[in-house]
Each structure stands twice: as C-alpha cells, then as structure tokens.
Amino acid sequence: LVHLLANKGIFADDELSEINIDKTYGLTLYTMQQGTRIELGDGDFTDMIARLERVIQSRNGLAGIEFIGLNSNRGVVVRLASKDPRQRIDHVGETLIVSHREGASPSPTGNRGERKHGKKG
C-alpha cells in the first residue's frame, strides 16, 4: 500500500500520520496536516487508490475533508469538516446529506481536543 501510494504521488512519506491495521476493519490511514481519516478496509487497493485520487483531484486536495470511506462496494463516502460541531455533512454518491448530532452544542473552540488521530504536535 505504501509503495502504491508513493508511486501514484498521492502522499509523500511525511504526509501520513498513521496507518492502522485491524483484522476486522482492514487498513485506515490518517493524514498529518488535515487529520483526515481514510478507511480502505481490505481488498483491491489499486481500485481504492484510484477512487481516492479522483476524490483528491475533484476537491483540489484534502482540505475540509474529515473522512473518506473507500471500503464500500457502493461507492465513496466523503464527510466534510463542519465549523458547527453539531452539524455533520456526508456526501454519498451524488447526494449531500446534512444532519445534526444530538446533544452537541456550538463551541467557540470547535472540535479541538476531540480527534484521537491525525495532526501531531
């Protein structure tokens, strides 16, 4: 996977924060700068990386993307980061779904401190 990512020029060595390997969920990547979680699962990484490339190209990078799910047979799931911590935005196929998380309230500090992975330092 690391070799495939490097050959495609998607991530340089210092752009990935973590690669988690789980028997049940497969592989999950975390980017260093944005803290984006990218779930690959297991299977054909060549196809998943091609779909990841299309997402990155269509958005001109990963800025503003909180989550990318490539492990679905039905397509790619992209969750955009929201400035309002109560609001979660999901993009499934061509449908944009906006929903509110119950119990969350607006905070002047946003999501700071809640992310367990990604941005180090």
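Further up the page is the structure itself.
Description of the structure in this document. (Residues numbered from 1 in each chain as written. Predicted model: local features only at pLDDT ≥ 70, side-chain atom pairs only at ≥ 80, totals over all residues. Heavy atoms only, no water.)

## Some remarks on the environment of Ile68
Thinking step 1. Note on placement: Ile68 falls in strand E4 (residues 65-72).
Thinking step 2. Sequence separation between Ile68 and Arg37 is 31 residues, and the spatial gap between their C-alpha atoms is 6.3 Å.
Thinking step 3. Aside from chain neighbours lying at most four places away, what touches Ile68 is Thr36, Arg37, Ile38, Glu39, Leu52, Val55, Leu62, Val76 and Val77. (Helix = DSSP H or I, 4+ residues; strand = E, 2+ residues; numbered from the N terminus. Contact = heavy atoms within 4.5 Å.)

## A word on a nonpolar patch on the surface
Thinking step 1. Nonpolar side chains collect at one region of the surface, where Val2, Ile19 and Ile21 lie side by side and expose about 290 Å² of accessible area between them.
Thinking step 2. Considering the arrangement of structural elements, one finds Ile21 in strand E1 (residues 16-22). (Patch = residues over 30% accessible without salt bridge, like charges linked within 9 Å, V, L, I, M, F, W, Y side chains within 5 Å. Areas by Shrake-Rupley, 256 points an atom, 1.4 Å probe, with all protein chains shown as cover. Salt bridge = Lys/Arg side-chain N within 4 Å of Asp/Glu carboxyl O.)

## Observations concerning helix H2 (residues 45-59)
Thinking step 1. End to end, H2 covers 21 Å across 15 residues, agreeing with the expected 21 Å (1.5 Å per residue, within 8%).
Thinking step 2. Where H2 is buried, its residues meet helix H1 (2-8), strand E3 (37-41), E4 and strand E5 (75-80).
Thinking step 3. One side-chain oxygen of the residue at the start of H2 lies 3.2 Å from the amide nitrogen of Thr46, identifying that residue as Asp44. (Expected span 1.5 Å × (residues − 1). Polar contact = N/O pair within 3.5 Å; in protein donor to acceptor, adjacent residues only side chain to side chain.)

## Thoughts on the environment of Ile21
Thinking step 1. We classify Ile21 as exposed; its relative accessible area is 72%.
Thinking step 2. Between the C-alpha atom of Ile21 and that of Asp42, which follows or precedes it by 21 residues, the distance is 9.6 Å.
Thinking step 3. Aside from chain neighbours lying at most four places away, what touches Ile21 is Gly26 and Leu27. (Buried < 20%, exposed > 50% of the residue type's maximum accessible area, 1.4 Å probe, protein only.)

## Examining unusual backbone geometry
Thinking step 1. A positive phi angle is found at Asn60, which is not glycine, with a value near 55 degrees.
Thinking step 2. Among the secondary structure elements, Asn60 is positioned in the loop between H2 and E4.
Thinking step 3. Assessed through its relative accessible area of 72%, Asn60 is described here as exposed.

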